[in-house]
Amino acid sequence: MPTMDTVLEQVGEFGCFQKQTFLTLCLLSVALAPIYVGIVFLAFTPDHRCLSPGVAELSRRCGWSLAEELNFTVPGPGPAGEAFPRQCRSYEVDWNQSALGCADPLAGLAANRSHLPLGPCRHGWVYDTPGSSIVTEFNLVCEDSWKADFFQSCVNLGFFLGSLGVGYIADRFGRKVCLLATTLISAISGVLMAVAPDYPSLLFFRLLQGLVSKGSWTAGYTLITEFVGLGYRRTVAILYQMAFTVGLVLLCGVAYAVPHWRRLQMAASVPTFLFVLYYWCVPESPRWLLSQKRNTQAIKIMDHIAQKNGKLPPADLKMLSLEEDVTEKLSPSFADLFRTPHLRKHTFILMYLWFTSSVLYQGLIMHMGATGRNLYLDFLYSALVEFPAAFVILITIDRVGRLYPLAVSNLVAGVACFAMIFISHDLHWLSTVVACVGRMAITIVFQMVCLVNAELYPTFVRNLGVMVCSSLCDLGGIITPFLVFRLMEVWQGLPLILFAALSLVAGGMTLLLPETKGVALPETIEDAENFRGKAKPKEKKIYLPIQTSELQALERDASLGTEGH
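The present account deals with the structure reproduced in this document. Since the model is a prediction, treat every value here as computed from it, not as a measurement.

## Remarks on the layout of surface pockets
Here comes step 1: In this structure, the largest pocket spans a volume of roughly 1200 Å³.
Here comes step 2: Taken together, 39 residues line the largest pocket, and the ones lying closest to its centre are Thr45, Pro46, Asp47, Gly369 and Ala370.
Here comes step 3: The element best represented in the lining of the largest pocket is helix H16 (residues 341-371), accounting for five residues.
Here comes step 4: Residues belonging to the lining of the largest pocket are distributed by class as follows: 21 nonpolar, 11 polar and seven charged.
Here comes step 5: Roughly 380 Å³ of volume is contained in the second largest pocket.
Here comes step 6: In terms of lining, the second largest pocket is formed by 19 residues, of which the most central are Thr371, Met420, His425, Ser431 and Gln492.
Here comes step 7: Broken down by secondary-structure element, the contributors of at least two residues to the lining of the second largest pocket are H16 and helix H20 (428-456).
Here comes step 8: Among the residues forming the lining of the second largest pocket, the class breakdown is seven nonpolar, 10 polar and two charged.

Printed below as a string of C-alpha cells:
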C-alpha cells in the first residue's frame, strides 16, 4: 500500500508543480514583513518640540532662521535624568506680547533662562519631518510615548493568541480553508487600520491583524512542506523564511517612496487581497485529506501533481493511504514536557532561546531605527544580511551540526551588542556594520532554534513542545518595544547591555543541549532521555522548524521513515 512519500518519489519530490506552488506561497512570507516589523516606518518618532502660539509670528517678524528660532524659544538640556526636556516642555511665556525683542526675546524676563518656569506642551507639538507616522498624527510622544510601544505589542499579542485558534482551524477544516480565511481577514484589517479614525480603533485592527497574519504564514508553510518530498523539506523551509527577508527589502523601498503612514499601510495591505486567488491556484494538502479519510480527493490531487511534473502516476495510486504511527495514540500533556530531568532541562532552555531570539531580533531592528542617521539605509543594510544568514544555515547544518552554529551565533550577537555600546556616534558606519553582524547572527539563531526544538521532543509530544516553547517568542515580542524605547530614555546604550547579557547567556545555555545531527528522532520519552545513544539511519527523515498544526502531519512521516528501517 503506497504512502505519500513513496508516491512523491515517483511523481516528483520537487518538480514543476512544487516549484510553482512554492514561489506562489512565498508571497505570504513576503507579506508578513510589514506586519511584523512595519513599526519602524509606521511609528517612527521624528525630532519634535512644543507648539507655542505666537512663536511662528515672532520668528517671521524677526526674520529668524530655524536654528535661531530653536535657540531663542526652545529650552535646552534639562537636569540629569530628565528625559528629552526640550521635546516635552516649553517656556511658560506669552509669545504674543509686544515687549519681546528679536535679539534675545527672553532676556527681559529673566537674567538666566534656567530660571524661567517650564510647563507641558499644552498646544501640541511641531514635528521635523516631511512625512507622517502614527506618532505624529496621534501625538504619541512624551507622557504618551508608551502608546507607540503598545501598538507593536498588540500585533505580538495577536500572534500569541491566534496561534492556538488558527492551528485548530488548520487541523479541523483544512490548510487551504485556513489560508484563505486568515489572508482575507488580514487584508481587511490592514486596510481598516489605514483608515482608523483614532488610536483605540487602530489598536483593535492591529490586534485583529496579529490574530490571523501569523496563521496565514504558517498555513502557507504547512502546505508547501506537505507538497514536497522529505529530502527537500528543510531547504524549502529555509528558503520560505528567506522570502520574509525579501519582504523586508521591499518594505524599505516602499516606505522610502511613501513616507506617510496611512498610504504606506494601504500600499502594504491592498495587494494581499490577491491571495484569494489561491482558491484556484493552490490545492488542498493531500496529507490532510488522507488524515480526514477523504482519499478520493487526495488521489485526484496527486494525479494532478504527476501530470504537472510530467510523470506517470503509480499504478497503485488508488490504494494511497496515510499510515499512522502508534505513538500518536498516546495523549500528550503539558506535564510531559517537565516529567523527566532531561526533557525538563531541554524545555526551559528552549523557552529561553525562543524568548531571547525574539527580543534581540525585534530589538535590534527597533534600536537601529531609533538611533540611525538614515532610517531607510540602516534598515536596508540590516535586512540584506539575512540572506547570507540563510546560506550559512544551509551550509553548516549537516556538516557542522546544529549545536555549535547555534551557540556561536548567540555569542556573536551578544558580543556585537556589547561592542556597539563603546562605538562613538561619529563612527556611525562602524556601528551599522557591527549591528548588521549582530542582526545576521540572531537571524541564524532564530531559524536554527526552530529545527532544534522539533528534534528534541518525542513524537507524541513534539507538537505540544514546539507550541509551548515558541510561545515565548511572541511573549518576548510583546515586551520588546517597552524594553527598547523606555530604556533608551534613560540611556541609549542600556537596551544593548540587556541584549548582550541575554544573548551571551543563551550561547552558554545552548551548549547544555545535545547535538541532534546524526541522531534519530526520539519516539518515546525514554528515547528523549537517552538522546545521544540512538544513531540516525542513513536515509534521514527531517523535521522542519514549524509551529502548531503542520507538525502533526510531518512527524507522522518522519516516524514512519524511522520505523521502516
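## What about empty space enclosed by the protein?
Here comes step 1: According to the stated counting rule, one finds six cavities of 30 Å³ or more in the structure shown.
Here comes step 2: Here the second largest cavity is characterised by a volume of approximately 210 Å³.
Here comes step 3: What lines the second largest cavity is a set of 21 residues, among which Ala31, Ile35, Gln209, Ala268 and Thr272 lie closest to the centre.
Here comes step 4: Residue contributions to the lining of the second largest cavity peak at five residues, all from helix H2 (residues 16-37).

## What to know about the state of the cysteines
Here comes step 1: Considering all chains together, one arrives at three disulfides under this definition.
Here comes step 2: Across the disulfide, cysteine 50 is cross-linked to cysteine 121 (sulfur-sulfur distance 1.6 Å). Looking along the S-S bond of the cysteine 50-cysteine 121 disulfide, the torsion reads about -45°, which is the left-handed sense. One end of the pair, cysteine 50, is in strand E1 (residues 48-50); the other, cysteine 121, is in the loop between strand E3 (118-120) and strand E4 (125-127), with 71 residues separating them in the sequence. Side by side, cysteine 50 and cysteine 121 carry an identical accessibility label, which is buried.
Here comes step 3: The disulfide partner of cysteine 88 is cysteine 142, and the S-S distance across this bridge is 2.1 Å. Here cysteine 88 and cysteine 142 share a disulfide; its torsion about the S-S bond, -100°, makes the bridge left-handed.

Cut-offs applied
Residues numbered from 1 in each chain as written. Predicted model: local features only at pLDDT ≥ 70, side-chain atom pairs only at ≥ 80, totals over all residues. Heavy atoms only, no water. 1 Å grid on protein atoms, 1.4 Å probe; cavity = no way out; pocket = protein on both sides within 12 Å on 5 of 7 lines; lining within 4 Å. Points joined across faces, edges and corners; volume = space filled by probe spheres on them. Helix = DSSP H or I, 4+ residues; strand = E, 2+ residues; numbered from the N terminus. Nonpolar A, V, L, I, M, F, W, Y, C, P; charged D, E, K, R; others polar. Disulfide = S-S within 2.5 Å. Buried < 20%, exposed > 50% of the residue type's maximum accessible area, 1.4 Å probe, protein only.

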